[in-house]
Amino acid sequence: MKLIFFTFNLLFFSIVAFAQVSPQLSSAEIKLRIEKLGVTGSVLYIAAHPDDENTRLLSYLATERKVRTGYLSLTRGDGGQNLIGTEQAEELGLIRTQELLAARRIDGAEQFFTRANDFGFSKTSEETFRIWNKDSILSDVVWVIRKFRPDVIITRFPPDARAGHGHHAASAILAIEAFKAAGDPAAFPEQLSSVNPWKAQRLLWNTFNFGGNNTTSEDQLKVDVGQYNPLLGTSYGEIASESRSQHKSQGFGVAKQRGESFEYFGLLAGTPARKDLLDGISINWDPAQSLMSSISRAASDINANYRIDAPQSSLPALIRLYDLVAQVPDKQLRERKAAEVADLILAASGTWFEVYSQEPAYSVTDSIPLRVQAISRYPDAPTLTAFFGNTPGRNVTLTPNQLTSLQGTAKASSLSQPYWLAEAHPIGEYVIDSRQKIGYPENPDPLAVRFTLRIHNRTIPFSRPVLYKFTDPVRGEVYRPLEITPPVIASLQSSRLLYTSQQAQSLELKLKAFTANAAGELRLRVPEGWSVQPQSFPFDFKNEAEEKSFRFQIVPSEKAVSGRLIADINLDGTSWSKSLRSIQYDHIPSTTWFPDATAQLIRLNVKKAGNRIGYLPGAGDLIPESLKQLGYEVVILDAAAIATMDLSGFDAIVTGIRLYNVSSQISYTNKFLLKYVEDGGILVVQYNVNQPLKLNAIGPYPFTITRNRVTEENASVRILNPAHRIFNYPNKISSQDFDGWVQERGLYFAEALDPRYESLLSMWDTGEAENTGSLFVANYGKGRFVYTGLSFFRQLPAGVPGAYRLFVNLISR
């Protein structure tokens, strides 16, 4: 018996847990993958965020040029806005990670990340590097280059102000420095126990013409990437549009593009390219080496003899090619190409196998019952062996076109926590416990079952992650990653408690068991100056999925200061302090993570006026919950129903962020909101982006929304009219109320204000002129119209005291 093993699970390519199901390819897709077998070249694209990538170019490179193509996004987009929900920060980063992976499954590229955290808009690369640890992010870029080994590196942005964002410019600066450092053994030598230095041949800038900034010119390298692929029946512009439209949280759905489309490139370093991105670079097996030449001929023969109506006829030749690839001395190239051939052997033979759990979630302490399903349409009846944990393999002969099942068990060694969220982190970067994880879009080591397939007298190894699969009556068959959970998790009724006095408040916690026979004690750890009653509760869960609620009373002393409460679940001497958060949207897989089971205890010196607030939701924020915490009655309004409502009973009406960008009704109903103001009401409009707007005339008088913002959260703020009622009732506002803000002051400020508006604040980033468009008001009829670009949608959920005090004043008559 001839046995050839490759450790595919150690390969550095972006096969993610969700996507690592058995390949099911059409005959045309098999043909395309066969054509790629003869190509060894690779291109790495580098930018700062999800949605920065040029999906048309990625699709062209991966499918037309057939080179291995990757996108390195320095961040996961954690600091952006969210058009589809209320998730912010890390949770938005989880969404945007999955959107990128969905895009890559369409355009054929692979996805990588560094540890950099998107801390929000940055105006300069200097500011960016003050917050990021430049050396650690540079080391990550070098690490990815050394592992991916690109022949060509392409940046999306230039290393200067033309990039339009500090993160953008920083991505180009890091790419330029990493291009040199990756090939230098003296740079980051600690990496060389795992990787070798790598020198890419050229570094290009993919110039652009968007945002009113045209950096292209006809003397640059020019490539038509709008070609049509007859095997797929589509063009790369169409593929790119579908890929880009996966960035749904950013509202980036685009129409399909057809016809020629040119991309332009400028040289940043390395050898010039005159006619093609890959000029002078060998991207195929080296014909000067006997083995490589044999591999090249074998791959070419398979392609020439491939029958689209009978893919299985290529199987013997694919097996022979697999044997040849096994002899390649370059370990990284050998493993990568062997994995490609192995997947083609499965596809050509019509062989498919996957492994599922019975339930969507299991405790890390428990054994997990598993079921393997397998089928082969190949008449030679291959043998599949499954290895469950450390147990001996279980064999099954795959009778042609007969679905076969195997049962087994396995046990996970760790939570299915996204690796970059396992530790608390500073603002600039995630804390990652192993360099080997750097670059991966998801956990590189999900619970998996090893397999071998015996076919044509060859034994080929595979691995499949354990997934949960179910049938939804609307969506049909749905896959989701298996959740490996703590044995007991805590759900807190609220993520923050606001205290305007020393009166006790109750906090309800719900415990849920993910294992049977879980007994222990629940306590709350609180900062000094706070007390909890009772001290603890015992719990005893006999069955998995049992739940029980507990209620604590939490009281601040006179000297208590704001801090963090932590739920401590003591189970058999082990402390678990985790909650469970699940993010579910139809366009991405279900995503679960386990943040600490905590709540903020916030002492507020705030006086409240009024009570009943109407709230018109926009793109999604947590302002209503924050106002309810202060004791307001918040009524969620429907823009379509405003015309028929009596609004006079509201003390104020607040519009959610980007309402005027996303509401199809607001262009009609806004006049009723202004009538409410005219009759004596208060309307507070939170920020909107400058385009596209559903309605330009938002207020009673003209103003223009711009892209101006103040990104330094500690930027200087000047109160322009301290005597104005908004700064005095019911709370006296001073400069101290702008201490402790998070991420930014505000965004999409206004200009060209009608003289009947009064600007109330001036603020500015370092080295910039004052901006007076963050907050302005106008008396209109008997009421007051307020527009604000201040980022209350970040400050209130973060518990910033001064932001609460100012917001209360805005909605107070």
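Rules used in this analysis
- Residues numbered from 1 in each chain as written.
- Predicted model: local features only at pLDDT ≥ 70, side-chain atom pairs only at ≥ 80, totals over all residues.
- Heavy atoms only, no water.
- 1 Å grid on protein atoms, 1.4 Å probe; cavity = no way out; pocket = protein on both sides within 12 Å on 5 of 7 lines; lining within 4 Å.
- Points joined across faces, edges and corners; volume = space filled by probe spheres on them.
- Nonpolar A, V, L, I, M, F, W, Y, C, P; charged D, E, K, R; others polar.
- Helix = DSSP H or I, 4+ residues; strand = E, 2+ residues; numbered from the N terminus.
- Pairing = 2+ DSSP bridges.
- Axes fitted to C-alpha atoms, helices over the stretch in contact; angles between N-to-C directions.
- Contact = heavy atoms within 4.5 Å.
- Parallel < 35°, antiparallel > 145°, perpendicular 65-115°, else oblique.
- Left-handed = near helix turned anticlockwise from the far one by under 90°.
- Buried < 20%, exposed > 50% of the residue type's maximum accessible area, 1.4 Å probe, protein only.
- Core = buried A, V, L, I, M, F, W, Y, C linked by side-chain atoms within 4.5 Å.
- Expected span 1.5 Å × (residues − 1).
- Salt bridge = Lys/Arg side-chain N within 4 Å of Asp/Glu carboxyl O.

Colleague: Got a minute to help me understand empty space enclosed by the protein in this structure?
Modeller: Space left empty within the atom packing is revealed by a probe, the size of a water molecule, rolled over the atoms. Under the counting rule described, the total for this entry stands at one cavity of 30 Å³ or more. In this model, the largest cavity occupies a volume close to 50 Å³. Lining the largest cavity, in full, are Gly80, Gln81, Asn82, Gly85, Thr86, Glu87, Gln88, Gly620, Ile657, Phe793 and Arg794. The class makeup of the residues in the lining of the largest cavity is two nonpolar, seven polar and two charged.

Colleague: For this particular structure, what's the right way to read unusual backbone geometry?
Modeller: Both trends apply: most residues other than glycine have a negative phi, and most peptide bonds are in trans. In this structure, Pro692 follows Gln691 across a cis peptide bond, with omega equal to -5 degrees. Inspection of the secondary structure puts Pro692 in the loop between strand E38 (682-685) and strand E39 (704-705). In this model, Tyr729 is joined to Pro730 through a cis peptide bond whose omega is -5 degrees. Locating Pro730 in the fold gives a position in the loop between strand E40 (716-719) and strand E41 (750-751). At Asp572, a residue that is not glycine, the phi angle is positive and equals roughly 55 degrees.

Colleague: What's the story with the sheet that holds strand E2 (residues 42-47) in this structure? I'm lost.
Modeller: Strands pair in a sheet through their backbones, by hydrogen bonds, and they do so in one of two ways: parallel or antiparallel. Spatially, E4-E3-E2-E5-E6-E12-E9 is the arrangement adopted by the seven strands of the open sheet, whose pairing is mixed. A single partner strand is all that each edge strand has here, and the edge strands are strand E4 (110-113) and strand E9 (221-224). Along the sheet, successive strands turn relative to each other by an average axial angle of 30 degrees, direction set aside. As defined by bridge partners, strand E5 (residues 152-155) adjoins strand E6 (residues 202-207) across four bridges and the pair is classed as parallel. When the sheet's bridge partners are listed, Ile154 is paired in E6 with Leu204.

Colleague: Just checking my understanding: could you explain the sheet that holds strand E25 (residues 505-513) for this structure?
Modeller: Taken in spatial order, the four strands make up an open sheet running E23-E25-E29-E27, and their pairing is antiparallel. Both edges of this open sheet fall to strand E23 (488-492) and strand E27 (530-533), since each of them pairs with a single strand only. If you compare each strand with its neighbour and ignore which way they point, the axes differ by 30 degrees on average.

Colleague: Can you help me understand the side chain of Thr485 in this one?
Modeller: With respect to the helices and strands, the residue Thr485 is situated in strand E22 (residues 483-485). Not counting chain neighbours up to four residues away, the residues in contact with Thr485 comprise Ala361, Tyr362, Ser363, Val364, Leu415, Phe514, Leu580 and Phe594.

Colleague: What is the right way to look at the packing of helix H3 (residues 89-107) against helix H7 (residues 236-244) in this model?
Modeller: A pair of packed helices is captured by two measures, namely the crossing angle of their axes and the spacing between those axes. Contact geometry of H3 with H7 gives a least axis separation of 8 Å together with a crossing angle of 165 degrees. As the angle between them shows, H3 and H7 are arranged roughly antiparallel. Seen from above, H3 lies across H7 with right-handed handedness. Within the contact between the two elements, H3 uses Ala103, Arg104, Ile106 and Asp107 and H7 uses Ile239, Glu242 and Ser243. The residue makeup of the contact of H3 with H7, split by class, is three nonpolar, one polar and three charged.

Colleague: Explanation requested: the pairing of E27 in the structure shown.
Modeller: Where a strand is regular, its side chains alternate between the two sheet faces. Side-chain alternation along E27 places Trp530 and Val532 on a buried face and Ser531 and Gln533 on a face that remains uncovered. Pairing of E27 with strand E29 (residues 547-556), which is carried by four bridges, proceeds in the antiparallel orientation. Residue pairing across strands places Trp530 opposite Pro556, the latter belonging to E29.

Colleague: Hey, could you run me through helix H1 (residues 27-36) in this one?
Modeller: By the burial criterion, the buried members of H1 are Ala28, Ile30, Lys31, Leu32 and Ile34. Buried residues along H1 sit in contact with helix H2 (55-64), strand E10 (228-229), helix H8 (290-305) and helix H10 (331-349).

Colleague: Mind showing me how you'd approach the nonpolar core here?
Modeller: Across soluble globular proteins, nonpolar side chains have a tendency to be buried as a group. Membership of the largest hydrophobic core comes to 82 residues, with the highest contact counts inside it found for Ile345, Leu511, Leu522, Phe539 and Ile554. Among all residues touching Leu522, those that are not within four sequence positions of it are Leu509, Leu511, Gln535, Ser536, Phe537, Phe539, Phe550, Phe552, Ala567, Asp568 and Ile569. Counting residues in each nonpolar core, the second largest holds 42 residues, with Ala652, Ile682, Phe727 and Phe749 among its members.

Colleague: How should helix H5 (residues 134-148) be read in this particular structure?
Modeller: Two residues of an α-helix separated by three or four positions point the same way, owing to the 3.6 residues in each turn. End to end, H5 covers 21 Å across 15 residues, agreeing with the expected 21 Å (1.5 Å per residue, within 8%). Of all 15 residues making up H5, 13 are buried, and the element is well covered by its neighbours. Looking one or two places after H5, you find Arg149, whose phi comes out positive at around 60 degrees.

Colleague: Explain the pairing of strand E20 (residues 458-472) to me, please; I cannot follow it from the model alone.
Modeller: Pairing analysis gives two bridges linking strand E13 (residues 351-357) to E20, with the strands arranged parallel. When the bridges of E20 are listed, Val355 appears paired with Val466. Direction of pairing for strand E19 (residues 448-455) relative to E20: antiparallel, over a ladder of eight bridges. Each residue of the ladder has a partner; that of Thr452, found in E20, is Pro461. Hairpin connection between E19 and E20: a loop of two residues separates the two successive antiparallel strands, and His456 in this loop has a positive phi of roughly 50 degrees. Summarising the sheet, E20 and strand E21 (residues 476-481) pair through six bridges and their orientation is antiparallel. Bridging across to E21, Thr471 finds its partner in Glu477.

Colleague: Quick question: what am I supposed to make of the pattern of salt bridges here?
Modeller: Side-chain pairing between opposite charges can occur once the charged atoms of the two side chains come close. According to the stated counting rule, one finds 39 salt bridges in the structure shown. Where salt bridges share partners, they join Lys31, Glu35 and Lys66 into one cluster.

Colleague: Help me out: how do you make sense of the environment of Lys36 in this one?
Modeller: Along the polypeptide, Lys36 turns up in helix H1. In this structure Lys36 comes out as partly exposed when scored by relative accessible area, which is 23%. C-alpha of Lys36 to C-alpha of Glu64: the two residues are 28 residues apart in sequence and 9.6 Å apart in space. Setting aside anything within four residues of it in sequence, one finds Lys36 in contact with Ala62, Lys66, Val67, Lys337 and Glu340.

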